[in-house]
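Observations on chain architecture
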Amino acid sequence: LIRALTVRTMGCIRVERITEYLCDPLMKCMRDDDPYVRKTAAICVAKLFDINPELVEDRGFLDGLKELLGDSNPMVVANAVASLMEI
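Let us look at the structure shown here. Here the structure is a predicted model, which means the values were calculated and not measured.

A few words on helix 2 (residues 16-30). Each turn of an α-helix holds 3.6 residues, which means side chains three or four residues apart point in the same direction. Between its first and last C-alpha atoms helix 2 spans 21 Å; for 15 residues at 1.5 Å apiece the expected length is 21 Å, and the two agree. Within helix 2, the axis deviates most sharply at Leu22, by approximately 45°, and proline Pro25 lies no more than four positions further along. Contacts made by the buried residues of helix 2 are with helix 1 (2-12), helix 3 (35-51), helix 4 (53-58) and helix 5 (61-68).

Before going further, it helps to examine the pattern of salt bridges. Taken as a whole and assessed by the stated rule, the structure comprises 4 salt bridges. In this structure, the salt-bridge partner of Glu20 is Arg59, at a minimum N-O distance of 2.7 Å. Linking Glu20 in helix 2 with Arg59 in the loop between helix 4 and helix 5, this pair joins segments that are 39 residues apart in sequence. The exposure class assigned to Arg59 is partly exposed, which follows from its relative accessible area of 30%. The salt bridge involving Arg38 is made with Asp71; its shortest N-O contact spans 2.8 Å.

The next thing to look at is the packing of helix 2 against helix 5. When two helices pack together, their arrangement is given by the angle between their axes and by how far apart the axes lie. Closest axis-to-axis distance for the helix 2/helix 5 pair is 10 Å, and the angle between their directions is 15°. The angle between the axes of helix 2 and helix 5 places the two elements in the roughly parallel class. Crossing hand, helix 2 versus helix 5: left-handed. Counting all contacts with helix 2, which are made through Cys23, Leu26, Met27 and Met30, the residues of helix 5 involved are Phe61, Gly64, Leu65 and Leu68.

Quick notes on the rules
- Residues take numbers from 1 onward in each chain, read along the sequence in its written order.
- Confidence filtering applies because this is a predicted model: local features only for residues at pLDDT of at least 70, side-chain atom pairs given and counted only at 80 or more, and all residues used for totals across whole chains, interfaces and linings.
- Hydrogens and waters are ignored; side-chain quantities use all the structure's heavy atoms.
- Only DSSP runs of H or I with at least four residues qualify as helices, and only runs of E with at least two residues qualify as strands; both kinds are numbered from the N terminus onward.
- Each helix should span, by expectation, one fewer than its residue count multiplied by 1.5 Å.
- Note on bend: at a given residue it equals the angle between the axes fitted to the 7 residues ending there and to the 7 starting there.
- Contacts are residue-level and defined by heavy atoms, with any inter-residue pair within 4.5 Å sufficient.
- Think of a salt bridge as a Lys or Arg side-chain nitrogen and an Asp or Glu carboxyl oxygen that are within 4 Å of each other.
- Three exposure classes are used, based on accessible area relative to the maximum for each residue type with a 1.4 Å probe and protein chains only: buried under 20%, partly exposed in between, and exposed over 50%.
- Axis lines are fitted through C-alpha atoms, for helices just across the contact stretch, and the angle between N-to-C directions can take any value from 0 to 180 degrees.
- Our angle categories are set so that under 35 degrees counts as roughly parallel, over 145 as roughly antiparallel, 65 to 115 as roughly perpendicular, and the remainder as oblique.
- Definitions for this section: a left-handed crossing has its near helix turned counterclockwise from the far helix by less than a right angle. A right-handed crossing has that turn clockwise.

Right, dumping it as structure tokens:
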């Protein structure tokens, strides 16, 4: 729960200078063991895309979202689809 709240908070930071520092933790959260953390990370990718689309493409977040489409948890898949649709 703490990791998911951290990801949600990172997604709310709408400062372009800080987005570079969010990439590594966000990528780790997309591969977390907890499905709630992964679904929250999927939502955060769409928020990051709003701030800096080039960064999302360059750092492989779109590929990460595509990987989440094959997740075993339906909530993770649903949020990955929602993020991709928003992007």
